[in-house]
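Structural description and commentary
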Amino acid sequence: MAAAVLMPKAGISVESCIITQWLKQPGDTIAKGDVLFSYETDKASFECESTEDGQLLEIFYGDGDEVPVLVNVCAVGAPGDDVSGLRPGGQESAPTAQSAPVQEAPAAAVQQPPAAEIPPASGDIKISPRAKNLAAKQGIDVRFAAPTGPYGRVIEQDIRTMMEQGAGSATGAAFSDAAAAQAGSFAGTGIGGRVGVNDLTAPLEVRTATAVEVDVGLAYEDVKFTGIRKVISKSMTASLTAIPQLTHNFSFNATEIMAYRAKLKKNGEAQGLPNITLNDMVLYAVSRILMSYPALNAHMLDPTTIRYFRNVNLGMAVDTERGLMVPVIKNANRKTLTQISIEAKSLAKQAQTGTLSPDDMSGGTFTVSNLGALGVESFTPVINPPETGILGVDTIIQRPVEVDGEIRLYPAMGISLTYDHRAIDGAPASRFARELCRALENFTLLLAQ
Amino acid sequence: MPKSQFIDPAEVRKAGKIKFTDIPVNAYKKTVKDEVKTFGKENLVRIYRDMAYLREFETMVNLIKTQGSYNGLEHTYPGPAHLSQGQEAAAVGQAYHLGREDFTFGSHRSHGEILAKALSCIEKLPDEELMTIMKEFLGGKTLKVVESAFKADSVKELAINFIIYGTVAEIFARETGFHLGLGGSMHAFFLPFGIYPNNAIVGGSAPTALGAALYKKCNGKDGIVIANAGDGSLGCGPVWESLNFSAMDQFRQLWEEGRRGGLPILFHFNNNGYGMGGQTRGETMGYDLLARIGAGISPTQMHAERVDGYNPLAVIDAYSRKKPLLESGEGPVLLDVVTYRYSGHSTSDASAYREKEEMDAWMAVDPLVTYRQELVKAGVAKDGDIEKIWDHVRETITRVTKLAADEKVSPYISFQSNPRIVEDLMFSNEKVASFGTEKPSVLAPKEECSRVKQIAGKERFAYKDGKPVSKIKAFNYRDALFEPIIDKYYEDSSLISYGEDVREWGGAFAVYRGLSEVIPYSRLFNSPISEAAIVGSAVGYGMAGGRVIVELMYADFMGRAGDEIFNQLAKWQAMSAGILKMPVVLRVSVGSKYGAQHSQDWVALPAHIPGLKVCFPATPYEAKGLMTTALNGTDPVVFFESQRLYDIAEEFHEGGVPKDAYELEFGDVSVIREGGDITILTIGATLYKAVKAADILKEKYGLSAEIINLHSLVPLKYEKILASVKKTGRVVLASDACARGSFLNDIARNITELAFDDLDAPPVVVGAQNWITPPFEFDAEFFPQESWILDAIHEKILPLKGHVSTVNNYLPVEQIRRAEAGV
């Protein structure tokens, strides 16, 4: 009897994916684990492995088709098997090359900004009542727990591990693996085919852009963008062609945040605090000040509609081998400096290792991009649409200042705010930047608020 | 198998014949006229009056049941009505000579028997005694209702109203009935008149009456016991078992002086020709004449006779001859009392199995007609006198029925004002050190018993100076049962024990070994292999007021005593509204090495039936404590033991098993070992597998397991269990019972509901496979092993690194497959 292969659910909030390219054709003999096709969300690309042995009998969606998750993509079985029962939505026959009939799937949901209120529900996470209670008590986000219970269940010890490591730290990677495993792209090696801890900790395949036909001998190489590069390409073009954006540069006296950082470095670890960086402090300050400037914590839905968010989902630009990635700290305005620091590190690490889930990269309402480490003194960050603002963080340089007739040097840190002029005018945008500077100059006062 | 009796092959193999003596059939030929002198006119008329009461009573129930009205009273009665119109002469004849010290047990068609016995007692008892009985019964509640509605001319008249009212109210399920209406039509009785329960199970009274007769005999009590049954009950095994048990040779040949002699029991078969619709003679039986079977039971032929149950004088005559026989130790007796019922088996029986001619023929000889004619013919009464009797009877029955139907004066028990009204009656929960009133009869002081001496030299803990004590020197589980039992023998003169091979052998597992040296036959005897009669008679013994331990050897044999355990032992305390106590300990042993019919842990069966206390000690400390509690209590206890455990010594309780008596509370649990990572709950011998599993968990996986043994299942206190689960968040429940329907599932469900938020994984039940028990060589394939406990943890609770499961019982897919396959 023929069996169907489903479009995997690549993340909790992912509702449909686009088939990038079929790597097998009808008639091919395939085995479980063979890569059938590559697919992508707007944030990442993946490969779909066959969950069945047999002959690829029919493909229900072609390259470029958008397919709702967990819908039959193709049928595998013995030659001659009836596949009519497997065609999604009662299709008469495969519409392969045509645009996919995404009927009930809310395709727009992928592109549209997700609801800003609360991070995606953790309903898909299997977790024991005891672990759930403990996590709630400790204020731990269970989505970051690495499940070690039977059948991928998060159990008490997983939460305790997180508590020991500082909540929400390095375990996120395993979580996204687990999510992927639940989506069917992992073959369990445990008893009864179950996905075990070993499966979750096995290294992930590197999922980079796939090179197409390269003409050896030529002096150049044409590479078709896929996945992240393609997304960046589209997004940046859209931003700079469609958005009337401009940048204001400021600088502030970083003495206090540097002193605070030094203090934390010296004493923080003993008190169980994470290594809190200057950037973490900027993120923290932005998350607080932004609450008074709703036009910068917003999405332009169309040229005449703006959506203001009640909480700050703070995107942080991370440079990775695969390109720029922007994971999001959800509800940053509700999180403590420590929580933001832990989460920022975890997200950055996942971005580096390619283990971010699409959910981790969606829902941003404002972005911070820090190029200070590279010595950039001032730059023009490009807005990540549909957001209305982005803050560039620059390097620190010593600047002279006259104090009581004397010239003294102080460390000045630059910030560069790019804003969408449709959403906000120059003066209020500058007020935001100035207030941010004041807040960072008096960081301990901000902390006390 | 007493050594004193020699089975001589020469004697056994000798040729000869079995000779029977003639069994009288309807031998009584006298008329009323012949008996006037013997009885006196008044008594002869009263016999008619009593029959009239019985007839009118059943007529009333029939009309209420079928038409919803009687003499202008509209009333609905939804319950059973197995009526006895036509059987009045048999009942009144039976009761005529019986006093309150004589016990009657009813069939399921017993309204007549109950009333006849009551009317007979009322006639015999002095007014003062009657008043005391009525005033004291249920605190005078029943009497008050009767007195409020009726000013009686005499105490006897009041008592008649009282007894009829109490019976109707009981049938109508009223609080003022004889036992709050909780027994009803088929479970009515009135102990102050020696009227013991009737029984909704056909033949159910045969074993219980047998037990009451044992009580009379073993406690030197006056009076005889009547087991009422129908002819249809002769298709029932427990009835035959009881006939045989009652006629055992040992009563005459082996029992000690003072207790020697036959049992004072009379099996009264109301032979109405039908067992429901099945005609006994000619269709469903082969005895031709029921009285014949007496000849098959004993050399005395059970003094069997066929008696004309359509002539009250014939029945009275039979009882006047049989009662002295029973009183002088010549029992048992069997009477085949020919009678006929005009109504169907129940009111829904359309009597499709008989012709109207048959009914008419019997109605033509109806004693209410023929005996009346004789009374008139003999000049004992005039027609007018008889009519007056009828008027009075109708007036009385109408009055009390109206009273019983009136909810204002005869309310139902109120679940609203007391939702626990039945719950509170399920167990008596009393402590009675002794039910006996005499000095316990023993053969020698306890200290002279060789077993007692042997135990005195034993070590009471499994380890001494850190080294294991040798098996033979250690006080073991079997000793731990023996100790409280022998102690109770010297405390409670009413205590008796019996079962298969309990005396010289000491029980198949030697728990009683040595007891026969000091305990006389009448208190410790071998019974026939009759599990139904063993348990059923214990029920009767307990009802009658004695304490008893019976033993079924293997727990698997409970099936043979199913009705007696589940319908009799479990039910009578609550059905009697707490009037009856049931100090019965039923010992059963879970087998090992004996295959599919001798190796089953069936705790779930009695634990499922409300009304039974159930325990299963796993250590000597638990065994002694629980047996002591059971023997001091007043409730029925199904006491599980295990053949895997008899030889073990106490390994857990600090200081070993105390020499002095101590009680272990039923429902409490034993925390065998404390731990923080996982809770293992056990029942029975599986405790020792759990200990091994806990050792492995600690050594290989660094997990500390808390082991809790559930030594008693009903009742069961959850506090310690929940506290442990709240601590560990994980729980495995293990026992040797087949996993499907295991009592552990019930506990697992309660834990899930009561500690859900604390659970880190679902509670997992580890039980035996849902198979037959294969031969002992495959024990490890069938019964839970320590590795299974690890498997369950690994698969469902907490993956154990490097653990490879030994069985696949705990894989969801396998669980589903097995359920689908029915295994």
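Residues numbered from 1 in each chain as written. Chains lettered and ligands numbered in written order. Predicted model: local features only at pLDDT ≥ 70, side-chain atom pairs only at ≥ 80, totals over all residues.

To continue, consider the sheet that holds strand 8 (residues 72-77) of chain A. Residues and elements named next belong to chain A. One open sheet holds the 4 strands; their spatial order is 1-8-6-3, and the pairing between them is antiparallel. Across the chains shown, the open sheet's two edge strands, defined by having one partner strand only, are strand 1 (3-6) and strand 3 (29-30). Direction of pairing for strand 3 relative to strand 6 (residues 54-59): antiparallel, over a ladder of 2 bridges. Within strand 6, the residue paired with Ile30 across the bridge is Gly54. (Pairing = 2+ DSSP bridges. Helix = DSSP H or I, 4+ residues; strand = E, 2+ residues; numbered from the N terminus.)

Let's shift gears to the packing of helix 5 (residues 111-124) of chain B against helix 8 (residues 155-171) of chain B. All names here are of chain B. Where helix 5 contacts helix 8, the axes come no closer than 10 Å and their chain directions differ by 160°. Judged by the angle between their axes, helix 5 and helix 8 are roughly antiparallel. As for how helix 5 packs across helix 8, the hand of that crossing is right-handed. Of the residues in helix 8, those in contact with His111, Ile114, Leu115, Ala118, Leu119 and Ile122 of helix 5 are Lys156, Ala159, Ile160, Ile163, Ile164 and Thr167. (Axes fitted to C-alpha atoms, helices over the stretch in contact; angles between N-to-C directions. Parallel < 35°, antiparallel > 145°, perpendicular 65-115°, else oblique. Left-handed = near helix turned anticlockwise from the far one by under 90°. Contact = placed C-beta atoms within 7 Å.)

Across soluble globular proteins, you tend to see nonpolar side chains buried next to one another. Residues B:Ala212, B:Leu586, B:Val603, B:Ile680, B:Leu713, B:Val732 and B:Ile789 are the most contacted members of the largest nonpolar core, which totals 269 residues. Ranked by the residues each element gives to this core, the list is headed by helix 3 (residues 41-67) of chain B, at 11 residues. The residues touching B:Ile680, leaving out its near neighbours within four places in the chain, are B:Ala690, B:Ala693, B:Ala694, B:Ala705, B:Ile707, B:Val732, B:Ala734 and B:Ile789. Formed by 88 residues, the second largest nonpolar core is a distinct cluster that contains A:Ile59, A:Val368, A:Leu436 and A:Phe443. (Core = buried A, V, L, I, M, F, W, Y, C linked by C-beta atoms within 7 Å. Buried ≥ 20, exposed ≤ 12 C-beta atoms within 10 Å, placed from the backbone.)

All names here are of chain A. Reading across from one edge, 9-18-17-16-12-15 is the order of the 6 strands in this open sheet, with mixed pairing throughout. For this open sheet the edge positions go to strand 9 (245-253) and strand 15 (328-329), each flanked by a neighbour on one side alone. Pairing between strand 9 and strand 18 (residues 406-420): 9 bridges, direction antiparallel. Pairing of Gln245 across the sheet is with Asp420, part of strand 18. The strands that helix 10 (residues 426-441) touches are strand 9 and strand 18; relative to strand 9, the one it contacts most, it runs at about 25°.

Residues and elements named next belong to chain A. Taking burial as the measure, the 6 residues of strand 4 (residues 35-40) include 5 buried ones, the bulk of the element. Where strand 2 (residues 16-22) and strand 4 come together, 4 bridges link them in antiparallel fashion. Counterpart to Gln21 in the pairing with strand 4 is Ser38. The pairing of strand 4 with strand 5 (residues 45-49) spans 5 bridges and is antiparallel. Counterpart to Tyr39 in the pairing with strand 5 is Phe46.

Turning to helix 25 (residues 620-632) of chain B, a few remarks are in order. If you check helix 25 of chain B, its first and last C-alpha atoms are 18 Å apart, about what 13 residues at 1.5 Å a residue would give, namely 18 Å. Of all 13 residues in helix 25 of chain B, 13 are buried; the element is thus mostly enclosed. (Expected span 1.5 Å × (residues − 1).)

So, on to the environment of A:Gln398. Residues and elements named next belong to chain A. With respect to the helices and strands, Gln398 occurs in strand 17 (residues 389-403). For the pair Gln398 and Asn333, spaced 65 residues apart in the sequence, the C-alpha separation amounts to 31 Å. Discounting residues that sit within four places of it in the chain, Gln398 has contacts with Leu409 and Pro411.

Residue and element names in this part refer to chain A. Running from amino to carboxyl end, helix 8 (residues 278-289) crosses helix 9 (residues 337-353) at an angle of 120°, the nearest separation of the two axes being 9 Å. With respect to each other, helix 8 and helix 9 are oriented oblique. Handedness of the helix 8/helix 9 crossing: right-handed. Only Leu337, Ile340, Ser341 and Ala344 of helix 9 make contact with helix 8, whose side of the interface consists of Asp280, Leu283 and Tyr284.

Before going further, it helps to examine the pairing of strand 5 (residues 265-271) of chain B. All names here are of chain B. Of all 7 residues in strand 5, 7 are buried; the element is thus mostly enclosed. As defined by bridge partners, strand 4 (residues 225-230) adjoins strand 5 across 6 bridges and the pair is classed as parallel. By the bridge assignment for strand 5, Val225 is matched with Ile265. The sheet contact formed by strand 5 and strand 9 (residues 333-338) spans 6 bridges and is parallel. Among the inter-strand pairings, Asn271 is bridged to a residue of strand 9, identified as Val338.

Attention shifts here to the environment of B:Asp308. Residues and elements named next belong to chain B. Looking at the secondary structure, you find Asp308 in strand 8 (residues 305-308). Put simply, Asp308 and Phe245 are 63 residues apart on the chain and 27 Å apart in space, counted from C-alpha to C-alpha. In this structure Asp308 touches Asn26, Tyr28, Ala314 and Val338, once residues within four positions along its chain are discounted.

Attention now moves to the environment of B:Asn244. Residues and elements named next belong to chain B. For Asn244, the position within the fold is in helix 10 (residues 237-246). Residue class for Asn244 comes out partly exposed when judged on the 17 C-beta atoms lying within 10 Å of it. Look past the residues within four positions of Asn244 in its chain and what remains in contact with it is Ile297, Pro528 and Ser530.

Residue and element names in this part refer to chain B. Here helix 17 (residues 383-405) spans 32 Å end to end across 23 residues, near enough to the 33 Å set by a 1.5 Å rise per residue. Taken as a whole, helix 17 has its buried residues at Ile389, Val393, Ile397, Val400, Thr401, Leu403, Ala404 and Ala405. Looking at the buried positions of helix 17, the neighbouring elements they touch are helix 3, strand 1 (69-70), strand 2 (73-74), helix 7 (141-149) and helix 8.

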